[in-house]
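# Close look at the chain arrangement
Residues per chain are reported as follows:
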Amino acid sequence: MNDAPVIVAGGLSDSHTWNLVFLQLLLEEHGHRVVNLGPCVPEELLISEALAQRPALIVMSSVNGHGYQDGMRMITRLRDHPELGELPVVIGGKLGISGTRSAVEAANLKNAGYDAVFDDSAEGIGAFSRMLDALPQRALV
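No experiment lies behind these values; they were computed from the predicted model shown. (Residues numbered from 1 in each chain as written. Predicted model: local features only at pLDDT ≥ 70, side-chain atom pairs only at ≥ 80, totals over all residues. Heavy atoms only, no water.)

Scanning the protein for helices and strands turns up five helices and five strands. The order of helices and strands in the protein, counted from the N terminus, is β-α-β-α-β-α-β-α-β-α. Its C-alpha radius of gyration of 14 Å places the protein within 12% of the 14 Å reference for a compact globule of 141 residues. Structurally, the protein occupies a C-alpha span of about 40 × 35 × 25 Å along its principal axes. Scored against the burial criterion, the 141 residues of the protein give a buried share of 45%. Across the protein, contacts joining residues at least 24 apart in sequence account for 79% of those joining residues at least 6 apart. Accessible area for the protein stands at about 6,900 Å²; split by element, carbon and sulfur atoms hold 57% of it. (Helix = DSSP H or I, 4+ residues; strand = E, 2+ residues; numbered from the N terminus. Rg over C-alpha atoms; globule rule 2.2 N^0.38 Å. Buried < 20%, exposed > 50% of the residue type's maximum accessible area, 1.4 Å probe, protein only. Contact = heavy atoms within 4.5 Å. Areas by Shrake-Rupley, 256 points an atom, 1.4 Å probe, with all protein chains shown as cover.)

What follows is the structure, encoded as structure tokens:
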């Protein structure tokens, strides 16, 4: 049984909440305890919560189309902390204002420190679901 939570957060410029609530419910259905930090999360808050909670995973979500910029800042700051160097972190949603980001931009996000990048296409959602199925689950009691 894995008691470490999954942290869900929106980027600093993204004030949307419905995507974060959806992710929380989806993760809970997969048997995970979730700490939902909400929208407009400053890098300092995410880092302090990651250090305090020692999560199994961090999921960053974007709806406003600025996920690439917010995500690059977030992962750069998070990976500056050696204690968080191995922490799995993924990002997904609408990562650019025109929709799906290019393969180069997705590679840039991964090179910056994300373990996976999911766009908001059917393929991206399917890949995210498969990733959830592969995570250790905790029994909900």
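Next up on the list: the environment of Thr17. Tracing the backbone shows Thr17 in the loop between strand S1 (6-10) and helix H1 (18-29). Distance in space between the C-alpha atoms of Thr17 and Ser61 is 9.7 Å, their sequence separation being 44 residues.

Taken in spatial order, the five strands of this open sheet run S2-S1-S3-S4-S5, and their pairing is parallel. Of all the strands in the sheet, the pair left with one neighbour each is strand S2 (34-36) and strand S5 (116-119). Between one strand and the next, the sheet's axes are offset by a mean angle of 20°, whatever the strand orientation. Judged from the five bridges that link them, strand S3 (residues 57-62) and strand S4 (residues 89-93) form a sheet pairing that is parallel. Directly across from Ser61, in S4, lies its bridge partner Gly92. Lying on the sheet, helix H5 (residues 122-134) is in contact with S3, S4 and S5; it crosses S5 at an angle near 140°. (Pairing = 2+ DSSP bridges. Axes fitted to C-alpha atoms, helices over the stretch in contact; angles between N-to-C directions.)

Leu37, Leu46, Ile58, Met60, Leu78, Val89 and Tyr114 are the most contacted members of the largest nonpolar core, which has 21 residues in total. It is helix H3 (residues 67-79) that contributes the most residues to this core, four residues altogether. Each residue touching Val89, except ones within four places of it in the same chain, is listed here: Leu57, Ile58, Ile75, Leu78, Arg79, Tyr114, Asp115 and Ala116. Judged by nonpolar contacts, the second largest core, of 15 residues, contains Leu20, Ala116, Phe118 and Leu132. (Core = buried A, V, L, I, M, F, W, Y, C linked by side-chain atoms within 4.5 Å.)

Here we take up the packing of H3 against helix H4 (residues 103-112). Contact geometry of H3 with H4 gives a least axis separation of 9 Å together with a crossing angle of 15°. With respect to H4, the element H3 is oriented roughly parallel. Here H3 and H4 pass one another in a crossing that is left-handed. Residues Tyr68, Gly71, Met72, Ile75 and Arg79 of H3 form the contact with H4, whose own contacting residues are Glu105, Asn108, Leu109 and Ala112. (Parallel < 35°, antiparallel > 145°, perpendicular 65-115°, else oblique. Left-handed = near helix turned anticlockwise from the far one by under 90°.)

This brings us to the packing of helix H2 (residues 43-53) against H3. Where H2 contacts H3, the two axes come as close as 10 Å, and the packing angle between them is 45°. The angle between the axes of H2 and H3 places the two elements in the oblique class. Of the two elements, H2 crosses H3, and the hand of that crossing is right-handed. Along its contact with H2, which presents Glu43, Glu44, Leu46 and Ile47, the element H3 presents Arg73, Met74, Arg77 and Leu78. Looking at the contact of H2 with H3, its residues break down into four nonpolar, no polar and four charged. (Nonpolar A, V, L, I, M, F, W, Y, C, P; charged D, E, K, R; others polar.)

Geometric values such as these leave the question of function open.
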